Amino acid sequence: MTVVGSLRVVEAGARVYRRTWRGSVISTFLNPILYLLAMGIGLGELVDEGSGGASLDLPYLTFLAPGLLAAAAMQTGAGDASYPVMAGIKWRKTYEATLSTPIGVPELLFGHLGWVTVRLTFVSVVFAAIMTLFGATSAVEGMLAVPPAVLTGLAFSSLVTAYTAKLKNEMGLAAMFRFAIVPLFLFSGTFFPIEQLPDYVEPLAYITPLWHGVELCRGLALGLEYTVHPLISVSYLVVLIAVGAVLGVMTLRRRLIA
Amino acid sequence: MANPLVSARGLTKHFDELVAVDAIDFDVQEGEAFGFLGPNGAGKSSTMRMIGSVSPLTAGTLSVLGLDPARDGPQIRARIGVVPQDDNLDLELTVYENLLIYGRYFGLSKAVIDGRVAELLRFTQLEDRRDSPVDPLSGGMKRRLVIARGLINTPELLLLDEPTTGLDPQARHLLWDRLYRLKQEGVTLIITTHYMDEAEQLCDRLVIMDKGKIAAEGAPRDLIDRYSTREVLELRFPVGTQAVNAEHLDGIAHKTEVLPDRVLLYTDNADHAHSKVLQAGFEPESTVSRRSTLEDVFLSLTGRTLVD
Ligand SMILES: Nc1ncnc2c1ncn2[C@@H]1O[C@H](COP(=O)(O)OP(=O)(O)OP(=O)(O)O)[C@@H](O)[C@H]1O
Ligand SMILES: [Mg+2]
């Protein structure tokens, strides 16, 4: 494994992106605007006027925005690790081409995750800027939420890459989005504090990576009190990234160099 | 003789229970065009992927360019070119971008790559396609692009896995011509194919592979001399009567092979055999007399045809 090799894979990701970025413009720019408009402003007004405003102690839009940033990073991270990885392995076999050069599986994986990190940073910065334009947070607050969002996205990307490399076909990907990503999106504290959940499901939320990401983004951006120590959340996400990377190297090896 | 460029002893590849390559031995000398001829599933690609230092061996020893694929994979891959069986191009990118990205994996600078791209696109007659996307290119053009890509690092050894499968005759001949030129420039070629004419045209020496084993080895002409007669007479009898007719053809030729749609008579003089067949009162619907080919060698070694 060499760092240089991984960086070449990152570079390839950037070159491919130069040609394909148009396809992701909507999710990068339009989705944050739509969500902040519909949920933050539309729904937020109702929340703020009702009893929700009192229990949150801050405008709903402000409460929502950093959590939504974490959730958007999750979706980018999982997205980049699903269909594009399946294409690399199976549909276009571009990974096979890469591995016939001096690049090896670990470099391929770390280069892939490296490129995802670049993408996550870009997407999160754009999101934070839009948050600021909406008046949800100040510019500094928004940018403070970017690093934990990238960490969150990377945890998902790392785990989902390992998962995708195990799949025979894309049906497992649709299932993952339907049964894992969407429920996490809805119930990990993005839209409402998890204390609102029935007591017996509340502990479940604590083990979801997205909840930790949301906590970190919100805590850093808004200076709110953390439910668990932020170092625990950071460590948890870092451990997930490492576990995903190890599993990813294993599953990609089995798949690509049998 | 100098040290071989590639040398395998007892080379074996298993996929779980399945034995894809079964303890084969071979040597490839520098500057030669070496072929693996065999039907679907013979183990050609599995062998190529081991030589390409991508797929680990199950057993045996393999040296490539004097190095050990298990230990020196990246160094080996840096010095060889690979044309895989499937065109694994990035269809969203242009011809140039495919070559650029691939070249960068070898650590070549953009300036060096740009120079080579110009030369390689001329060589593969794709100059006017440099900036077009890959997706709409014809099969033959894609194949030529994969070959150009495999040459971006000026390899000493080029591995070609079924370079012309799926191409029309004109595209095949163009490719053969390019491969022939590479060989003249001193590039060692290892080619797999299930086309006997391709093997005869391109290979100095080849092995015939079947079910993971090597059935025979030699120069195309030698193999034909050793395992077949000089000529072959093909007789086509009415549907369903090949075997019945063949039973009574004994003695006319050295050997008789019955295929589902025709009977082959192995003889040193096909015209002579033809007269004898007619004299004996047989009435084949059509006859062809021809020289023996590697297809006949394969048939005589395995009892089956190469392309089914
Ligand atoms: N990655 C793999 N996993 C499991 N089995 C495999 C794998 N690759 C090849 N095989 C099996 O190994 C055997 C040899 O396959 P291989 O691809 O080497 O044959 P081939 O001679 O290249 O055939 P073809 O002419 O069809 O390309 C086949 O039975 C094939 O199904
Ligand atoms: Mg093959």
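Throughout, residues of each chain are indexed from 1 in the direction in which the sequence is written. To label them, take the chains in the order written and letter them from A, then take the ligands in the order written and number them from 1. Owing to the predicted nature of the model, reporting of local features is limited to residues with pLDDT of at least 70; listing and counting of side-chain atom pairs is limited to 80 or more, with chain, interface and lining totals taken over all residues. No hydrogens and no water enter the side-chain calculation; it runs on all heavy atoms of the structure.

1. Some points on the domain arrangement of chain B
Logical step 1: For chain B, the domain assignment lists domain 1 (6–219) and domain 2 (229–291).
Logical step 2: As used throughout, domain bounds are those supplied by an automatic or database domain assignment. Between the C-alpha centres of domain 1 of chain B and domain 2 of chain B there is a distance of 39 Å.

2. Remarks on a nonpolar patch on the surface
Residue and element names in this part refer to chain A.
Logical step 1: A contiguous nonpolar patch, built from Ile26, Leu30, Ile33, Leu34, Leu37 and Ile41 and spanning about 480 Å² of accessible area, is present on the exposed surface.
Logical step 2: Helix and strand labels come from DSSP, where a helix needs a run of H or I of at least four residues and a strand needs a run of E of at least two; each type is numbered from the N terminus. With respect to the secondary-structure elements, leucine 34 resides in helix α2 (residues 25–49).
Logical step 3: Overall, leucine 34 belongs to the partly exposed group, its relative accessible area being 46%. A patch is a set of surface residues, each over 30% in relative accessible area and not in a salt bridge, joined within 9 Å for like charges and within 5 Å for the nonpolar side chains Val, Leu, Ile, Met, Phe, Trp and Tyr. Surface accessibility follows the Shrake-Rupley procedure with a 1.4 Å probe radius. Residue values consider only the protein chains on display as shielding. We define a salt bridge as a contact between a side-chain nitrogen of Lys or Arg and a carboxyl oxygen of Asp or Glu at a distance within 4 Å. Exposed residues in this analysis have more than 50% of their type's maximum accessible area, buried residues have under 20%, and partly exposed residues fall in between, with area computed by a 1.4 Å probe over protein chains only.

3. Section: a positive patch on the surface
Logical step 1: A contiguous patch of positive charge on the surface is contributed by Lys90, Lys166, Lys168 and Arg254 of chain A.
Logical step 2: Among the secondary structure elements, lysine 168 of chain A is positioned in the loop between α9 (146–166) and α10 (171–187). In this tally, Asp and Glu contribute negative charge and Lys and Arg positive charge; neither His nor the terminal groups of the chain are included. A charged residue contributes its charge at one atom only: NZ of Lys, CZ of Arg, CG of Asp or CD of Glu.

4. Observations regarding the coordination of the magnesium ion (ligand 2)
Under ideal tetrahedral coordination, the four donors around a metal are separated by 109.5 degrees; under ideal octahedral coordination, the six donors are separated by 90 or 180 degrees.
Residue and element names in this part refer to chain B.
Logical step 1: Coordination here is defined by N, O and S atoms within 2.8 Å of the metal (3.2 Å for Na, K and Ca), and since water is not considered, a site can look incomplete. The magnesium ion (ligand 2) binds to the protein through Ser45 (OG) and Gln85 (OE1); the donor distances cover 1.9 to 2.1 Å. Note that serine 45 is positioned in helix α1 (residues 44–51) and glutamine 85 in the loop between β5 (80–83) and α3 (95–105), a separation of 40 residues in sequence.
Logical step 2: Glutamine 85 sits in the partly exposed class, given a relative accessible area of 37%.

5. Describing the sheet that holds strand β2 (residues 18–28) of chain B
All names here are of chain B.
Logical step 1: One open sheet accounts for three strands, arranged β2-β1-β4; its pairing is antiparallel. Every other strand in the sheet has two partners, leaving β2 and β4 (59–64) as the edge strands with one partner each. The average undirected angle you get between the axes of adjacent strands in this sheet is 25 degrees.
Logical step 2: Where strand β1 (residues 6–15) and β2 come together, seven bridges link them in antiparallel fashion. By the bridge assignment for β2, leucine 11 is matched with isoleucine 24. When DSSP finds two or more bridges between two strands, those strands count as paired. Note on definitions: angles span 0 to 180 degrees between N-to-C directions of axes, and those axes are lines fitted to C-alpha atoms, for helices only across the stretch in contact.

6. Topic: the nonpolar core
Logical step 1: We call a set of buried Ala, Val, Leu, Ile, Met, Phe, Trp, Tyr and Cys residues a nonpolar core when their side-chain atoms join them within 4.5 Å. In terms of nonpolar packing, the biggest core is built from 70 residues, with Leu36, Leu210, Leu252 and Leu256 of chain A touching the most fellow members.
Logical step 2: Here the element with the most residues in this core is helix α4 (residues 60–80) of chain A; it accounts for 13 residues.
Logical step 3: In this analysis, two residues are considered to be in contact whenever any of their non-hydrogen atoms come within 4.5 Å of each other. Residues contacting leucine 36 of chain A, with those up to four places away along its chain left out, are Ile41, Leu61, Ala65, Leu68, Phe127, Ile130, Met131 and Phe134 of chain A.
Logical step 4: One finds Val83, Leu126, Leu189 and Val297 of chain B within the second-largest nonpolar core, a separate group that totals 50 residues.

7. Side note on the site of ligand 1
Logical step 1: Residues in contact with ligand 1 amount to 15 residues; listed here are only the nearest, Gly41, Lys44, Ser45, Ser46 and Gln85 of chain B.
Logical step 2: When we say a residue is near a molecule or strand, we mean one of its heavy atoms is within 4 Å of it. Chain contributions to the surroundings of ligand 1 come from chains A and B.
Logical step 3: Residues adjacent in sequence count toward polar contacts only when both atoms are side-chain atoms; beyond that, a polar contact is any pair of N or O atoms within 3.5 Å, and within protein one must be able to donate a hydrogen and the other to accept it. Alanine 42 of chain B is positioned with one of its backbone polar atoms (N or O) 3.1 Å from an oxygen atom of ligand 1.
Logical step 4: Separating an oxygen atom of ligand 1 from a side-chain N or O atom of serine 45 of chain B is a distance of 2.8 Å.
Logical step 5: Among the elements of the structure, β2 and α1 of chain B are those that each provide at least two residues to the shell around ligand 1.
Logical step 6: Considering each element in turn, the shell around ligand 1 owes the most residues, three residues, to α1 of chain B.

8. Points about the packing of aromatic side chains
Logical step 1: Pairing of aromatic side chains requires ring centres within 6.5 Å, counting the rings of Phe and Tyr and the six-membered ring of Trp. Pairs whose planes differ by under 30 degrees are stacked, by over 60 edge-to-face, and all others tilted. Taken as a whole, this structure holds 13 aromatic pairs over all chains when the rule is applied.
Logical step 2: Look at tyrosine 206 of chain A and tryptophan 211 of chain A: their rings are 4.8 Å apart centre to centre, the planes differ by 90 degrees, and that puts the pair in the edge-to-face class.
Logical step 3: Residue tyrosine 206 of chain A is classed as partly exposed on the basis of its relative accessible area of 27%.
Logical step 4: With a centroid separation of 5.5 Å and an interplanar angle of 75 degrees, the aromatic rings of phenylalanine 34 of chain B and phenylalanine 36 of chain B are classed as edge-to-face. In terms of burial, phenylalanine 34 of chain B and phenylalanine 36 of chain B fall into one category: buried.
Logical step 5: Among the aromatic residues, those joined into a ring-pair cluster are Tyr35, Phe185 and Phe191 of chain A.
Logical step 6: In this scheme, the term charge over a ring applies when either NZ of a lysine or CZ of an arginine sits within 6 Å of the ring centre and within 35 degrees of the ring normal. When the ring centre of tyrosine 195 of chain B is taken as origin, the NZ or CZ atom of arginine 172 of chain B, which lies over that ring, is 4.3 Å away.
Logical step 7: When the ring centre of phenylalanine 123 of chain B is taken as reference, the NZ or CZ atom of arginine 178 of chain B above it lies at 5.6 Å.

9. Some thoughts on the sheet that holds strand β7 (residues 188–193) of chain B
All names here are of chain B.
Logical step 1: A sheet is described by the order of its strands in space; here six strands give the open sequence β5-β6-β7-β3-β8-β9, paired in mixed fashion. Of all the strands in the sheet, just β5 and β9 (213–218) have a single pairing partner and so form its edges. Strand-to-strand twist in this sheet, taken as the mean axis angle between neighbours without regard to direction, amounts to 15 degrees.
Logical step 2: In the sheet, strand β3 (residues 33–37) pairs with strand β8 (residues 205–210) via four bridges, with the strands oriented parallel. Bridge pairing in β8 places phenylalanine 36 opposite valine 207.
Logical step 3: Lying on the sheet, α1 is in contact with β3, β5, β6 (157–161), β7 and β8; it crosses β7 at an angle near 155 degrees.

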